[in-house]
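# Coordinate analysis (summary)
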Amino acid sequence: MFAARLQDSVAGDGWCARLATPDRDPILGETVANDRRDADRKPLSATARISFVNEPRRVEVHPGCEAVVAFDPDLTFECVDSCTWCCGHGVLLYDHDLLGLAQRANLNDATTTAHGEQFVRREQKDRDDHTGDDGAACYFLGEDGLCSLHAEHDWKPARCSVFPLEVHYENGEIRVTVRDEAEEHCEGLDVSERRVIDNLDAFLPEVLWSLENPETKIEL
Ligand code: SF4
Ligand code: SF4
């Protein structure tokens, strides 16, 4: 179901261009920061950009939007159709998600409030397949194991693209790891030739760089 995520990217409006690159990298150190200034003078592809830095690696995900990547660069991912594990949970909605969702669904039916934030709600499903252990799953997860939002509207909330990755916000920068739960439950890790690090724009919507707190650990 999430296979389409690698073609998806939430369109931004130049958020990244408004962010300044720090002179000194608080995570990677001054040597890397100097290398980055060289890189800024000579634009590189994402693949070339990461090749000269030891772990953790800095990658330009969208123009002007960089992330510090702290996972195995050889990690590959391809969503497995029969797996719907990550859709068993509610989804945090950013403001622009709420606007998008309001054009496609009834917010009163589909959303709930928790921790002072809006989420796509979970609901009990009258079926055995494609549910969590408690018999519930995302409001939009159908009995066919497909996301009705994606299937009918070719759209989904930004947070749905991030899994199996996790975003942390440290020293003013976005740092990306693989979620612990994904290591245990995601069937799509290391089953294809598609390297995650080469497709980060499909996992990390540009809107993340515009948020005061882009952490993705917040759950319903
Ligand atoms: S909105 Fe769609 S993609 Fe996101 S968790 Fe729900 S069913 Fe899955
Ligand atoms: S857990 Fe992994 S393989 Fe399963 S639906 Fe989610 S992204 Fe796809």
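To keep things clear, this report deals only with the structure shown in the data block. This one's a predicted model, so the numbers in the text were calculated from it and none came from an experiment.

With that out of the way, let us pick up the packing of aromatic side chains. Inspection of every chain in the model, using the stated rule, returns three aromatic pairs. Ring geometry for Phe 77 versus Phe 203: centroids 5.6 Å apart, planes at 70°, classification edge-to-face. Placement of Phe 77 in the loop between β2 (65-69) and β3 (91-92) and of Phe 203 in helix α8 (residues 200-203) is noted, with a sequence separation of 126 residues between them. Residue Phe 77 is classed as buried on the basis of its relative accessible area, which comes to 3%. Where Trp 85 meets Phe 163, the ring centres are 5.7 Å apart and the plane angle is 35°; that geometry is what we call tilted. Of this pair, Trp 85 sits in the loop between β2 and β3 while Phe 163 sits in the loop between α6 (159-162) and β8 (165-170); the two residues are 78 residues apart in sequence, bridging distant segments of the chain.

On to the site of ligand 2. Neighbouring residues of ligand 2: 13 residues in total, closest Cys 79, Cys 83, Cys 86, Cys 186 and Gly 188. A per-class count over the shell around ligand 2 returns nine nonpolar, two polar and two charged. Counting contributing residues, the shell around ligand 2 receives three or more from each of domain 1 (16-77 + 162-210) and domain 2 (84-155).

Turning to the sheet that holds strand β5 (residues 117-120), a few remarks are in order. Sheet strands line up and pair through hydrogen bonds in the backbone, either parallel or antiparallel. Spatially, β3-β5-β4 is the arrangement adopted by the three strands of the open sheet, whose pairing is antiparallel. Either end of the sheet is taken by a strand with one partner, and the two such strands are β3 and β4 (111-114). In this sheet, β5 lies alongside β4 in antiparallel orientation, the contact comprising four bridges. From the neighbouring strand, Ala 114 faces β5, where its bridge partner is Glu 117.

Take the sheet that holds β8 next. Strand order in the open sheet formed by four strands is β1-β2-β9-β8, with mixed pairing between adjacent strands. Edge strands, defined here as strands with exactly one partner in the open sheet, are β1 (57-62) and β8. Taken pair by pair, the neighbouring strands of this sheet meet at an average axis angle of 35°, ignoring direction. Direction of pairing for β1 relative to β2: antiparallel, over a ladder of five bridges. Among the inter-strand pairings, Val 59 is bridged to a residue of β2, identified as Ala 67.

This next bit is on the pairing of strand β9 (residues 173-178). The element β9 is extensively covered by neighbouring structure, given that six of its six residues are classed as buried. Alternating residues of β9 divide into Glu 173, Arg 175 and Thr 177 and Ile 174, Val 176 and Val 178, and every residue in both groups is buried. Inspection of the sheet shows β2 paired to β9 by three bridges, in the parallel sense. Its bridge partner lying in β9, Val 68 is registered against Arg 175.

This part is about helix α3 (residues 95-102). Listing the buried residues of α3 in full gives Asp 97, Leu 98, Gly 100 and Leu 101. All buried residues of α3 lie within an arc of 165° about the axis, which places them on one face of the element. For α3, the exposed residues lying more than 90 degrees away from the buried face are Asp 95 and Leu 99.

One finds Phe 71, Leu 165, Val 196, Leu 200, Leu 204, Leu 208 and Trp 209 to be the most contacted residues of the largest nonpolar core, which totals 32 residues. The set of elements that each furnish at least two residues to this core consists of β1, β2, β8, β9 and α8. In this view, Phe 71 contacts Glu 55, Leu 165, Val 176, Thr 177, Val 178, Val 196, Ile 197 and Leu 200; residues no more than four positions away in its chain are not counted. Of all hydrophobic cores here, the second largest spans 15 residues; its members include Leu 98, Ala 137, Cys 147 and Trp 155.

Here is what the cut-offs are and how they apply
- Residues numbered from 1 in each chain as written.
- Chains lettered and ligands numbered in written order.
- Predicted model: local features only at pLDDT ≥ 70, side-chain atom pairs only at ≥ 80, totals over all residues.
- Heavy atoms only, no water.
- Phe/Tyr/Trp six-rings, centres within 6.5 Å; stacked < 30°, edge-to-face > 60°.
- Helix = DSSP H or I, 4+ residues; strand = E, 2+ residues; numbered from the N terminus.
- Buried < 20%, exposed > 50% of the residue type's maximum accessible area, 1.4 Å probe, protein only.
- Near = heavy atom within 4 Å.
- Nonpolar A, V, L, I, M, F, W, Y, C, P; charged D, E, K, R; others polar.
- Domains from an automatic or database assignment.
- Pairing = 2+ DSSP bridges.
- Axes fitted to C-alpha atoms, helices over the stretch in contact; angles between N-to-C directions.
- Arc of directions from axis to C-beta.
- Core = buried A, V, L, I, M, F, W, Y, C linked by side-chain atoms within 4.5 Å.
- Contact = heavy atoms within 4.5 Å.

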